[in-house]
Amino acid sequence: MPGDADHFDARPTKPRVVVVPSSQAPRPRDEILAGLAAPRPAIAPKYFYDDLGSRLFEAITQLPEYYLTRTEASILSGHLPEIVREAGGEGATLVDVGAGNCQKAARLFSALRPARYVAVDIAVGFLAASLECLQRDFPDIEMLGVGIDLSAGLRLPPMDERGRRLLFYPGSSIGNFAPDDAIALLRQFREAAGPEGALLIGVDLIKETTLLDAAYDDPLGVTAAFNLNVLLHVNRLAGTDFDVRKWRHAAFFDPVSSRVEMHLEARADVTVGWPGGGRRFKAGDRIHTENSYKYTLEGFGAMLRDAGFARSRAWCDPRGWFAVLLAQAR
Ligand SMILES: C[S@@+](CC[C@H](N)C(=O)[O-])C[C@H]1O[C@@H](n2cnc3c(N)ncnc32)[C@H](O)[C@@H]1O
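What you are looking at is a predicted structure, and each value in this text was computed from that prediction instead of being measured.

Next up on the list: the pattern of salt bridges. Enumeration according to the criterion identifies 22 salt bridges in this entry. We note a salt bridge from D149 to K46, for which the minimum N-O separation is 2.6 Å. Linking D149 in the loop between strand 4 (142–147) and strand 5 (165–169) with K46 in the loop between helix 1 (28–37) and helix 2 (51–60), this pair joins segments that are 103 residues apart in sequence. The residues D149 and K46 share a single accessibility class, namely buried. Here D160 ties to R116 by a salt bridge, and the two come within 3.6 Å at their closest N and O atoms. With D160 in the loop between strand 4 and strand 5 and R116 in strand 3 (residues 116–121), the pair connects residues that are 44 residues apart, well separated along the chain. Residues joined by salt bridges that share partners form a network here, namely R116, E142, D160 and R162.

Written out as structure tokens, the structure is:
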């Protein structure tokens, strides 16, 4: 009689996760304190994503006001066979940038049948846990997690080539970068995709201000909690002594710069200290925590061309709120 061990599936249930260090990436503590001491104080949005921040973002995607995730998902599911055909068919290496809980990529698996799934994110612990669950559901897809800070460049570990590369950057995360930085990042995506590869990207479009304001300032206060949680993360990373009760969430669309801005606003005069320094904030002073640029389809198409992509195709929802574009490197 064969023992139980003979029935074990030998395929790995824990995907490998590698952290790619960068000499270009600033040390979090130095970057955070420089941002807090700046004439216009700011904290980079990448610091939202500790474990709790990653979970709060998942909760945001369930909010009725946060149309982005739902609308993007409906575009992807409504046009999936066509998108897969345009992307060159099955068997690609799918590189999911800012993968989070990996669920958006997972919805592509049945049609795309990737040879390999590479999930890239700064939040390595959350990524590793998400990948481990996903590998159980899809044991036949080779999976790799890559921990990097994209703001220091997209550096993938060496991988033996397996099919074309399809880079996936959903959720309008590109909107967190100012347009020039976004073009520089798109250029890196094109290089990482290689000459036969492509980029599948989600982009939020300009729309009525009331819809944009509500999407980033929901009545339940989930986005407020997500924004305030950055202060707890920063306290751990940089030794600051922020008291979240002394700050409030502020978010609004600025039509001149075509972006939603998120800030944390001091509720009263407050002093924030850190080892070797500190800063006094007056009531109403703000710390800028995120920009989310909104584009027209034409404007974003031009950015893809500026980044060197040869051609692109776009799919939109019937209301024209969101776009998914497939851009070919060559
Ligand atoms: C808005 S969430 C999107 C998650 C998922 N792709 C989606 O569309 O639902 C942004 C993701 O990018 C990751 N991220 C943010 N800044 C990053 C950076 N500088 N480098 C790498 N990943 C980053 C976050 O940890 C988070 O998982």
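A few words now on the domain arrangement of the protein. Partitioning the protein into structural domains gives domain 1 (28–56 + 209–293) and domain 2 (61–205 + 295–328). The partner domain 2 presents 19 residues to the 19 residues of domain 1 that form the contact. Buried surface at the junction of domain 1 and domain 2, both sides included, amounts to about 1,600 Å², of which 62% is carbon and sulfur. At the boundary of domain 1 and domain 2, one finds 1 salt bridge. Run the count over domain 1 and domain 2 and you get 5 residue pairs in polar contact (both at pLDDT 80 or more). Taken together, the elements giving at least two residues each to the side of domain 1 that touches domain 2 come down to helix 2, helix 9 (209–215), helix 10 (222–238) and strand 11 (286–293). Split by residue class, the side of domain 1 that touches domain 2 holds 10 nonpolar, 4 polar and 5 charged.

The environment of the ligand is made up of 17 residues, and the closest members are G98, K104, D121, D149 and L150. K104 is positioned such that a nitrogen or oxygen atom in its side chain is 2.7 Å from an oxygen atom of the ligand. In this structure, a nitrogen atom belonging to the ligand sits 3.0 Å away from a side-chain N or O atom of D149. Within the complex, the protein chains bury 89% of what would otherwise be the 590 Å² of accessible surface of the ligand. When its residues are assigned to classes, the shell around the ligand shows 8 nonpolar, 5 polar and 4 charged.

This paragraph deals with the packing of aromatic side chains. As enumerated under the stated definition, the model contains 14 aromatic pairs in all. Aromatic pair F109 and F138: ring centres 4.8 Å apart, planes at 90°, arrangement edge-to-face. Of this pair, F109 sits in helix 6 (residues 109–112) while F138 sits in the loop between helix 7 (124–137) and strand 4; the two residues are 29 residues apart in sequence, bridging distant segments of the chain. Relative accessible area serves as the criterion here: at 27%, F138 is assigned to the partly exposed category. Ring geometry for Y295 against F300: centres 5.5 Å apart, planes inclined by 55°, an arrangement best described as tilted. A single burial state applies to Y295 and to F300, both of which are buried.

Another aspect to go through is the layout of surface pockets. Estimated volume of the second largest pocket: approximately 350 Å³. Residue lining of the second largest pocket: 21 residues in total, with P28, I122, V124, I148 and D149 positioned closest to the centre. Partitioning the lining of the second largest pocket into residue classes produces 13 nonpolar, 3 polar and 5 charged. Structurally, the lining of the second largest pocket is a two-domain feature, drawing no fewer than three residues from each of domain 1 (28–56 + 209–293) and domain 2 (61–205 + 295–328).

The strand order 1-4-3-2-5-6-13-12 describes an open sheet built from 8 strands, whose pairing is mixed. Here the strands that pair on one side only, and so sit at the sheet edges, are strand 1 (16–19) and strand 12 (311–316). For this sheet, the mean angle separating the axes of adjacent strands, direction not counted, is 20°. Across 6 bridges, the pairing between strand 3 and strand 4 is parallel. In the strand pairing of strand 4, V118 is matched with L144. The sheet contacts of helix 8 (residues 179–193) involve strand 2 (93–97), strand 5 and strand 6 (198–204), and relative to strand 5 the element is tilted by about 155°.

Definitions and cut-offs
Residues numbered from 1 in each chain as written. Predicted model: local features only at pLDDT ≥ 70, side-chain atom pairs only at ≥ 80, totals over all residues. Heavy atoms only, no water. Salt bridge = Lys/Arg side-chain N within 4 Å of Asp/Glu carboxyl O. Helix = DSSP H or I, 4+ residues; strand = E, 2+ residues; numbered from the N terminus. Buried < 20%, exposed > 50% of the residue type's maximum accessible area, 1.4 Å probe, protein only. Domains from an automatic or database assignment. Contact = heavy atoms within 4.5 Å. Buried area = accessible area lost by both parts, 1.4 Å probe. Polar contact = N/O pair within 3.5 Å; in protein donor to acceptor, adjacent residues only side chain to side chain. Nonpolar A, V, L, I, M, F, W, Y, C, P; charged D, E, K, R; others polar. Near = heavy atom within 4 Å. Areas by Shrake-Rupley, 256 points an atom, 1.4 Å probe, with all protein chains shown as cover. Phe/Tyr/Trp six-rings, centres within 6.5 Å; stacked < 30°, edge-to-face > 60°. 1 Å grid on protein atoms, 1.4 Å probe; cavity = no way out; pocket = protein on both sides within 12 Å on 5 of 7 lines; lining within 4 Å. Points joined across faces, edges and corners; volume = space filled by probe spheres on them. Pairing = 2+ DSSP bridges. Axes fitted to C-alpha atoms, helices over the stretch in contact; angles between N-to-C directions.

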